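This is what each chain is made of:
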Amino acid sequence: GGCCGEGSDNSAKACAGPAQGGCCGPAPPASAASKQNVVDGVKEYYGETLQSSGDLKTSACTACEKPPLEILDIIKKIPDEVNSKFYGCGYPTPLGIEGKRVLDLGCGSGRDCYIASALVGEAGTVVGVDMTEQQLAVAKQHAEPYCRQQLGYLESNMRFLHGYIEELTTSLGLKENSVDLIISNCVVNLSVNKDKVLEQLHRVLATGGEFQFSDVFTDTALSPEIQSHKVLVGECLGGAMEVEAFKSLAKKVGFDAPALVSQTGIEVHDKELRSLLGDAKFWSITWRLTKGGGSAAGAAARGKSAAEIH
């Protein structure tokens, strides 16, 4: 789950820049076999190839904007293994979520779940979903001692489910309208069925709820070669989502207009990767989507209209 962390200096470098972004760009590779190859490749990349964020070949998804001090303080309490095995492109968890029911899509080793666990308090709940068993094992292993010893809870307020983010209400058994906040961190781009992901999370989100996610976006439709390239997909560039398609899909699924929370330009310096990518531009962007209006306070504090992106 999640995507990237610190990468090598001579590969790709995330830096400040203008942004346009979106979700769900071009259609995934056509055949069922090629889709399954992408899924299997992602599982292998995050379950076996990567042992820590230091193994990444690019920094395309790296979180280069500092989170709020409150979140920085929480991260210091999170076990080292959870932090080192987490790959993400931002800090999608908003403040002011005490008592909320949180769902983390593609939670990986669980860093964002651990952050949310502290922010929602003992009365709140956090559910993490991931398809990579090796990552989930790390998340599960440290949950109870973290909640008891670091947060002072009687028991863990987190639970972790093994499965696919496209199957929240089916094989994973999550109830409709059962979640107040959904977060994800450089994960939606890894899905070969982004339409299904947004439909499923809209279904489990309660009216007035929010989906806040950090991910990689591009300004153009990517070729099938790029979309199936093992390293580019694993490093979050191959499945990057295109702006206009994202806004159209969000509206089609039933969300309110997307609000931009933060944006960071991505420059790819690796010559071979840059050549494959052509003139495509990439950004790491955190978006906020609401179902039925969301919280007015949250909208004012955390988001601005997608129309303001340029």
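Residues numbered from 1 in each chain as written. Predicted model: local features only at pLDDT ≥ 70, side-chain atom pairs only at ≥ 80, totals over all residues. Heavy atoms only, no water.

## Focus: the overall build of the protein chain
Phase 1 of the analysis: A count of helical and extended segments in the protein chain gives eleven helices and ten strands.
Phase 2 of the analysis: The buried share of the protein chain, taken over its 310 residues, is 55%.
Phase 3 of the analysis: Intrachain contacts of the protein chain at a sequence separation of at least 6 include 83% that bridge at least 24 residues.
Phase 4 of the analysis: Carbon together with sulfur atoms contributes 49% to the accessible area of the protein chain, which is approximately 12800 Å² in total. (Helix = DSSP H or I, 4+ residues; strand = E, 2+ residues; numbered from the N terminus. Buried < 20%, exposed > 50% of the residue type's maximum accessible area, 1.4 Å probe, protein only. Contact = heavy atoms within 4.5 Å. Areas by Shrake-Rupley, 256 points an atom, 1.4 Å probe, with all protein chains shown as cover.)

## Structural notes on unusual backbone geometry
Phase 1 of the analysis: Unusually for a residue other than glycine, Asn 177 sits at a positive phi of about 55°.
Phase 2 of the analysis: Structurally, Asn 177 is set in the loop between strand E4 (158–162) and strand E5 (179–185).

## Points about the packing of aromatic side chains
Given two aromatic rings, their pairing is described by the distance between the two centres and the angle made by the two planes.
Phase 1 of the analysis: A complete count under the given rule lists seven aromatic pairs for this structure.
Phase 2 of the analysis: On the basis of an interplanar angle of 55° and a centroid distance of 5.1 Å, the ring pair of Phe 246 and Trp 287 is categorised as tilted. You can see Phe 246 sitting in helix H9 (residues 243–253) and its partner Trp 287 sitting in strand E9 (residues 282–290), a full 41 residues away along the chain.
Phase 3 of the analysis: Given a relative accessible area of 0%, Trp 287 falls into the buried group.
Phase 4 of the analysis: One aromatic cluster is present, built from ring pairs that chain together Phe 211, Phe 213, Phe 217, Phe 246 and Trp 287. (Phe/Tyr/Trp six-rings, centres within 6.5 Å; stacked < 30°, edge-to-face > 60°.)

## Structural notes on the nonpolar core
Phase 1 of the analysis: Judged by nonpolar contacts, the single largest core of 32 residues is most densely connected at Leu 103, Leu 105, Leu 168, Ile 182, Leu 201 and Phe 213.
Phase 2 of the analysis: Beyond its immediate sequence surroundings of up to four residues, Leu 168 is in contact with Leu 103, Leu 105, Val 129, Gly 173, Leu 174, Gln 200, Leu 201 and Val 204.
Phase 3 of the analysis: Ranked by size, the runner-up nonpolar core spans 27 residues in total, among them Ile 75, Cys 113, Tyr 114 and Leu 136. (Core = buried A, V, L, I, M, F, W, Y, C linked by side-chain atoms within 4.5 Å.)

## Quick notes on the pattern of salt bridges
Phase 1 of the analysis: Taken as a whole, this structure holds seven salt bridges when the rule is applied.
Phase 2 of the analysis: With its nearest N and O atoms 3.9 Å apart, the salt bridge here joins Arg 203 to Glu 176. One end of the pair, Arg 203, is in helix H6 (residues 194–204); the other, Glu 176, is in the loop between E4 and E5, with 27 residues separating them in the sequence.
Phase 3 of the analysis: Using a relative accessible area of 40% as the deciding quantity, one classes Arg 203 as partly exposed.
Phase 4 of the analysis: In this structure, Glu 210 and Arg 288 form a salt bridge, with 3.1 Å as the shortest nitrogen-oxygen distance. Remark: Arg 288 occurs in strand E9 and Glu 210 occurs in strand E6 (residues 205–218); sequence separation between them is 78 residues. (Salt bridge = Lys/Arg side-chain N within 4 Å of Asp/Glu carboxyl O.)

## Concerning the side chain of Ser 117
Phase 1 of the analysis: Here Ser 117 is to be found in helix H4 (residues 111–120).
Phase 2 of the analysis: Setting aside chain neighbours within four positions, we find Ser 117 in contact with Val 126, Tyr 146, Cys 147, Leu 151, Tyr 153, Asn 157 and Met 158.

## Quick look at the side chain of His 202
Phase 1 of the analysis: Tracing the chain through its elements places His 202 in helix H6.
Phase 2 of the analysis: Looking at His 202, the relative accessible area reads 15%, which means it is buried.
Phase 3 of the analysis: Excluding residues that lie within four positions of it along the chain, His 202 makes contacts with Val 253, Gly 254, Phe 255 and Lys 291.

## As for the pairing of E6
Phase 1 of the analysis: Taken across its 14 residues, E6 has twelve buried, putting it largely inside the fold.
Phase 2 of the analysis: Pairing of E5 with E6, which is carried by six bridges, proceeds in the parallel orientation. Bridge pairing links Ile 182 to Phe 211 in E6.
Phase 3 of the analysis: Of the pairings in the sheet, the one linking E6 to strand E7 (residues 241–242) comprises two bridges and is parallel in character. Of the residues in E7, the one forming a bridge with Phe 217 is Met 241. (Pairing = 2+ DSSP bridges.)

## Examining the packing of helix H2 (residues 69–77) against H4
Phase 1 of the analysis: Packing of H2 against H4 leaves a shortest axis separation of 10 Å and a crossing angle of 115°. Considering the relative orientation of H2 and H4, their crossing is right-handed. Side by side, H2 and H4 meet where Glu 70, Ile 71, Ile 74 and Ile 75 of the first sit next to Tyr 114, Ile 115, Ala 118 and Leu 119 of the second.
Phase 2 of the analysis: Partitioning the contact of H2 with H4 into residue classes produces seven nonpolar, no polar and one charged. (Axes fitted to C-alpha atoms, helices over the stretch in contact; angles between N-to-C directions. Left-handed = near helix turned anticlockwise from the far one by under 90°. Nonpolar A, V, L, I, M, F, W, Y, C, P; charged D, E, K, R; others polar.)

## Details of the environment of Lys 247
Phase 1 of the analysis: Considering the arrangement of structural elements, one finds Lys 247 in helix H9.
Phase 2 of the analysis: Separated by ten residues in the primary sequence, Lys 247 and Ala 257 place their C-alpha atoms 7.5 Å from one another.

## Observations concerning H4
Phase 1 of the analysis: In terms of residue burial, H4 counts as a mostly covered element, since nine of its ten residues are buried.
Phase 2 of the analysis: Residues of H4 that are buried include every one of Arg 111, Asp 112, Cys 113, Tyr 114, Ile 115, Ala 116, Ser 117, Leu 119 and Val 120, and no others.
Phase 3 of the analysis: Looking one or two residues beyond H4, the residue adopting positive phi is Gly 121, at roughly 80°.

## Details of the packing of H6 against H9
Phase 1 of the analysis: Following both chains from N to C, one finds H6 and H9 inclined at 40°, their axes separated by 10 Å at the closest point. Here H9 runs oblique to H6, going by the angle between their axes. The hand of the H6/H9 crossing is right-handed. Facing H6, whose interface residues are Lys 194, Asp 195, Leu 198, Glu 199 and His 202, H9 presents Leu 249, Ala 250 and Val 253.
Phase 2 of the analysis: Its residues assigned to classes, the contact of H6 with H9 comprises four nonpolar, one polar and three charged. (Parallel < 35°, antiparallel > 145°, perpendicular 65-115°, else oblique.)

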